[in-house]
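Read off the chains here:
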Amino acid sequence: MQTFLQEQLELLLPTYNRREHLLRTLTQLTAPESPVRHCSLTVLDNACTDGSSDLIEEFAAKCPNIKHIRHEKNIGGNGNIARAFELARKPYVWVVCDDDSFR
């Protein structure tokens, strides 16, 4: 089952200046009990200024399946979501919000 998810599903997470929410979401997605913890996860950083970029880098350093894309400038919320869909490459895509909770 895990291999199927890893091959078929990717998660894309647009974010902007919501570090505390992002911490909770990334912690839940990468937890040992998370069924998606090994799936590809791309975090689209919309030029955050609140320490979110450092947080994303910390998670990416621990989890090789996490990719951090930082925009040079804020492209707006809708632009960041659209960019997520442009980057999607796997058959199934889940756009995760930075304040989603999975418990």
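Here is what the cut-offs are and how they apply
Residues numbered from 1 in each chain as written. Predicted model: local features only at pLDDT ≥ 70, side-chain atom pairs only at ≥ 80, totals over all residues. Heavy atoms only, no water. Helix = DSSP H or I, 4+ residues; strand = E, 2+ residues; numbered from the N terminus. Contact = heavy atoms within 4.5 Å. Polar contact = N/O pair within 3.5 Å; in protein donor to acceptor, adjacent residues only side chain to side chain. Patch = residues over 30% accessible without salt bridge, like charges linked within 9 Å, V, L, I, M, F, W, Y side chains within 5 Å. Areas by Shrake-Rupley, 256 points an atom, 1.4 Å probe, with all protein chains shown as cover. Salt bridge = Lys/Arg side-chain N within 4 Å of Asp/Glu carboxyl O. Buried < 20%, exposed > 50% of the residue type's maximum accessible area, 1.4 Å probe, protein only. Core = buried A, V, L, I, M, F, W, Y, C linked by side-chain atoms within 4.5 Å.

1. Quick word on the environment of Ser-53
Mapping Ser-53 onto the fold places it in helix H3 (residues 52-62). Separated by 18 residues in the primary sequence, Ser-53 and Pro-35 place their C-alpha atoms 25 Å from one another. Those residues in contact with Ser-53 that lie beyond four places of it in its chain are Asp-45, Cys-48, His-68 and Arg-70. At a separation of 2.7 Å, a polar atom in the side chain of Ser-53 contacts the side chain of Arg-70.

2. A closer look at a nonpolar patch on the surface
On the surface, Ile-81, Phe-85 and Val-93 cluster together into a nonpolar patch covering about 250 Å² of accessible area. As for its placement among the helices and strands, Ile-81 is situated in helix H4 (residues 77-87). By relative accessible area, which is 36% here, Ile-81 ends up partly exposed.

3. With respect to the nonpolar core
Ranked by internal contacts, the top residues of the largest apolar core, which has 18 residues, are Leu-11, Leu-13, Leu-26, Leu-29, Leu-41, Val-43 and Ile-66. For this core, the secondary structure elements donating two or more residues are strand S1 (9-15), helix H2 (19-29), strand S2 (40-45) and H3. Sort the elements by how many residues they give to this core and H3 lands first, with 4 residues. Once residues within four sequence positions are removed from consideration, Ile-66 is found in contact with Thr-30, Leu-41, Val-43, Phe-59 and Ala-60. Counting 5 residues, the second largest nonpolar core, distinct from the first, contains Leu-12, Leu-44, Ala-84 and Ala-88.

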